[in-house]
Structures are given as structure tokens and as C-alpha cells.
Amino acid sequence: MDVVRTPVPDRDTYLARWSALHGGYDPRGGLWLVRAWLTLVHRVASPLAARRVPPSAVTGAGVAVTALALPAAAAGGRWPLLAVVVMLLGGVADSLDGAVAVLTGRASAWGYVLDSVADRCGDALYLVALWYVGAPGGLLVAAGCALGLLEYTRARAGSAGFREIGVVTIGERPTRLIVAAFGLAGAGIVPGLAGFAGTVAAGATLAVCVVGLGQLMLTLRALLLGAPPPRD
């Protein structure tokens, strides 16, 4: 039997729907990099949306793929390079679930919560992967606390009326993914310095999360108190 396909909205319709779900930020007139990324996501997500793949299934697949980074990182040698590949694939899946939900008109509060939980699982997996290649546990705990505080602050701000796209900090999840990927790549390219590469990545994760938290707090204070946000 042929697979039943559902008509999928074009890119402009997808971008308009995405904008409505992200505080009115219009990527068509915004940063070109955001527009280019969303265009790529639309192309990859369209076949899944046409086959009515549940967004939650894509979310779960993203976490499962990211988890494969752990045995690769633990194996040592050149294997952390494979961990980089699966982490990047998991990062792509993290964007695909939302795109599938938007394209199929199945975006929901439950999906939003599930996606947030999956994101935190992914963050934890990144840190554990760095621990496997030799990053100090204490430094990773500090990075995890800073990361959790950043995301918790953003979530609480949402309860206070803060719109999602109000501020993009240096500590956002794509940055954390890139930092972890570089650390694992360094461990795989130069196995003898795996611990050093993991330590640098863990320290960088802590740094971007602390700076990002500061950026977020300054902007939130200005916006929630009714004053103009600070300029860069």
C-alpha cells in the first residue's frame, strides 16, 4: 500500500506560523542565519509532516540518538568523534519536532512541555559525555547548576509574562551543543589530551551559562519593571 501523504505548508506559511508561536519574531525580516536554519529545518521536516509522523516521536528519537553519544565517548580513542556526529543529529531532531508540529497543526502545550524535558535530558547527556572523556566531575556539576539556573530563570520569567523570543543569550542550547561537540572532537582527534579537551569544554559551558544568565537577568529586570531593555 502507498503511504498516505498530507499536503505540507510552504516555507513562508511555516515561517509565519513559527513567528506566531515565538513571540511575534519574524525570521523573514530578521537575522539571515535564523532564516537559513529554519528554511533547512522546513525542508527536512516536510517529508515527516507529509507522513503525519507524531512530533512526540521525533522528540523521543532525538533524545535516543543523543544518548548514543555516551558509549562512544566512554570508549575513548577515536570513538568520541562518533559521539560528535550523533550529538549533532540529536540537535537537528530537536528542531525537527517543533517544525513537524507546526507544519501539521499539532503544536500543543503538552508538546512544548515534552520538548523542554527532552532538551534538559539532552543537556545532561552532553555533560555526562564530557565526563566520560575526562572532564572533572566538580566542574561539570557547576556547569550543570549554571545551565539549570539559566533555564529555570527563563521558565519562571514566562510565568511572569515574558515572551519567549525576548532575548537570545550567549548561553543558549545551540551554543552549549557546539561547545560540547568541540570538546568531544578534540578528545577524538587527540586521544592523549582527551581530559584536557573535556575540561576546556566543561569550563566553556560554565562560562557561557553564567554570562547568559547575566544577560537574561539584566533584560528581564528592564522588561518586567517596564523600563527599556539594556543595549549591547
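Procedures and definitions
- Residues numbered from 1 in each chain as written.
- Predicted model: local features only at pLDDT ≥ 70, side-chain atom pairs only at ≥ 80, totals over all residues.
- Heavy atoms only, no water.
- Axes fitted to C-alpha atoms, helices over the stretch in contact; angles between N-to-C directions.
- Helix = DSSP H or I, 4+ residues; strand = E, 2+ residues; numbered from the N terminus.
- Parallel < 35°, antiparallel > 145°, perpendicular 65-115°, else oblique.
- Contact = heavy atoms within 4.5 Å.
- Left-handed = near helix turned anticlockwise from the far one by under 90°.
- Nonpolar A, V, L, I, M, F, W, Y, C, P; charged D, E, K, R; others polar.
- Phe/Tyr/Trp six-rings, centres within 6.5 Å; stacked < 30°, edge-to-face > 60°.
- Buried < 20%, exposed > 50% of the residue type's maximum accessible area, 1.4 Å probe, protein only.
- Core = buried A, V, L, I, M, F, W, Y, C linked by side-chain atoms within 4.5 Å.

Caption draft 1: Focus on the packing of helix α3 (residues 55-67) against helix α5 (residues 80-103). Where α3 meets α5, the axes come as close as 8 Å, and the angle between the chain directions of the two elements is 170°. In terms of their interaxial angle, α3 and α5 are classed as roughly antiparallel. Contact residues: Pro55, Val58, Thr59, Gly62, Val65 and Thr66 in α3; Val86, Leu89, Gly90, Ala93, Leu96, Asp97, Val100 and Ala101 in α5.

Caption draft 2: Structural context of the packing of helix α6 (residues 109-132) against helix α7 (residues 137-159). Where α6 meets α7, the axes come as close as 10 Å, and the angle between the chain directions of the two elements is 165°. By the angle class used here, α6 and α7 are roughly antiparallel. Crossing geometry of α6 relative to α7 is assigned as right-handed. Judged by residue contacts, Arg120, Asp123, Leu127, Leu130 and Trp131 of α6 engage Gly137, Leu140, Ala143, Gly144, Leu147 and Glu151 from α7. Residues belonging to the contact of α6 with α7 are distributed by class as follows: six nonpolar, two polar and three charged.

Caption draft 3: Quick peek at the packing of aromatic side chains. Applying the stated criterion across every chain yields a total of one aromatic pair. Arranged with centres 5.4 Å apart and planes meeting at 50°, the rings of tryptophan 131 and tyrosine 132 form a pair that is tilted. Residue class for tryptophan 131 comes out partly exposed when judged on its relative accessible area of 48%. Judged by relative accessible area, which is 39%, tyrosine 132 ranks as partly exposed.

Caption draft 4: View of the nonpolar core. Ranked by size, the top nonpolar core spans 27 residues in total, and within it Met87, Leu130, Leu140 and Leu184 carry the most contacts. Listed by contribution, the elements that provide at least two residues to this core are α4 (69-75), α5, α6, α7, α8 (173-189) and α9 (194-224). The element that contributes the greatest number of residues to this core is α8, accounting for seven residues. Those residues in contact with leucine 140, other than ones at most four positions away along the chain, are Leu127, Leu130, Trp131, Ala135 and Ala202. One finds Val41, Ala49, Leu96 and Leu103 within the second-largest nonpolar core, a separate group that totals 13 residues.

So, to be careful, I would describe these as geometric facts and stop short of saying anything about function.
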